[in-house]
Amino acid sequence: MSKLSQQEEKELISFIKDWLKSHGFNQKDLANEFNIKSSRTSQIILKIKELYKKGGMFNIAKNLIKIEQKWLNNIKNDYRETKQTPPYNQLDLDSLVNQMNQDTSE
């Protein structure tokens, strides 16, 4: 594969920054997904160039899509966990019994 042009590199970084922001993530999150130690833009560019050498823009897109799918699945799982209603505790049960007693006595 040929190298990324300066213009392509600039556009990719701009896209990635917008993409991260739209999903509520940052460069550190992306660095973690890429398994790179630094979240600096220069290190992310090196990873992008490495992906480009291995398969061009298609390979970059494929990897970003895989990361996005992982993030979206994690968001769905987190939502399901928070959406579940907690079990009743003793105070809730006492309150319900009192309310039922009041309703039946009226």
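Starting from 1, residues in each chain are numbered consecutively following that chain's sequence as written. Side-chain atom pairs in this predicted model are given and counted only at pLDDT of 80 or more, local residue features only at pLDDT of at least 70, and totals for whole chains, interfaces and linings cover all residues. In computing side-chain values, all of the structure's heavy atoms are included and hydrogens and water are not.

**Some remarks on the nonpolar core**
Working definition of a nonpolar core: buried Ala, Val, Leu, Ile, Met, Phe, Trp, Tyr and Cys residues. They are joined through side-chain atoms within 4.5 Å. Each residue's exposure class comes from its accessible area (1.4 Å probe, protein chains only) as a fraction of the maximum for that residue type: buried when under 20%, exposed when over 50%, partly exposed otherwise. Core analysis: the largest hydrophobic core is formed by 15 residues, its most contacted members being Ile16, Trp19, Leu30, Phe34, Ile48, Ile60 and Leu64. Among the elements of the structure, α1 (6-23), α2 (27-34) and α3 (41-83) are those that each provide at least two residues to this core. In this text, helices come from DSSP runs of H or I with a minimum length of four residues, and strands from runs of E with a minimum of two, each type numbered from the N-terminal end. The biggest single contributor to this core is α3, with eight residues. Working rule for contacts: check all heavy atoms of both residues, and any pair within 4.5 Å makes them a contact. If we ignore the near neighbours within four places in the chain, the residues touching Trp19 are Leu30, Leu64, Ile67, Glu68 and Trp71.

**Considering α2**
Turning to α2, its buried residues number three or more, namely Gln27, Leu30, Ala31 and Phe34. For α2, the arc enclosing every buried residue in end-on projection is 100°, short of the 170-degree limit, so these residues lie on one face. Following α2 by one or two positions, Asn35 adopts a phi angle in the positive range, close to 55°. The directions considered for the arc are those from the helix axis to the C-beta atoms.

**Quick look at the packing of aromatic side chains**
Each Phe, Tyr or Trp ring, with Trp reduced to its six-membered ring, pairs with another whose centre is within 6.5 Å; inter-plane angles below 30 degrees give stacked pairs, above 60 give edge-to-face pairs, and intermediate values give tilted ones. One pass over the full model with this rule turns up two aromatic pairs. With a centroid separation of 3.9 Å and 15° between ring planes, the pair formed by Phe25 and Trp71 is classed as stacked. One end of the pair, Phe25, is in the loop between α1 and α2; the other, Trp71, is in helix α3, with 46 residues separating them in the sequence. By relative accessible area, which is 22% here, Phe25 ends up partly exposed. An aromatic cluster is built from Trp19, Phe25 and Trp71, whose rings are joined through pairwise contacts.

**Quick look at the pattern of salt bridges**
For salt bridges, the criterion is a side-chain nitrogen of Lys or Arg within 4 Å of an Asp or Glu carboxyl oxygen. Per the counting criterion, the structure on display carries four salt bridges. Two residues, Glu33 and Lys70, come together in a salt bridge whose shortest N-O distance is 3.2 Å. Remark: Lys70 occurs in helix α3 and Glu33 occurs in helix α2; sequence separation between them is 37 residues. The exposure class assigned to Glu33 is partly exposed, which follows from its relative accessible area of 23%. For Glu50, the salt bridge identified is with Lys54, shortest N-O distance 3.5 Å. Placement of the pair is Glu50 and Lys54 together in helix α3, with a separation of four residues, close to one helical turn. The exposure class assigned to Glu50 is partly exposed, which follows from its relative accessible area of 34%. Exposure remark for Lys54: the relative accessible area of 62% places this residue in the exposed category.

**Digging into the confidence of the model for the chain**
Residues with a pLDDT of 70 or more make up 80% of the chain, whose mean pLDDT is 85. Mean pLDDT across the elements of the chain ranges from a minimum in helix α4 (residues 90-105), with 76, to a maximum in α2, with 94. What pLDDT expresses is the predictor's confidence in each residue, scored from 0 to 100.

**Quick look at unusual backbone geometry**
Backbone geometry places Asn35, a non-glycine residue, at a positive phi of 55°. One can find Asn35 in the loop between α2 and α3. Classification of Asn35 as exposed rests on a relative accessible area of 70%.

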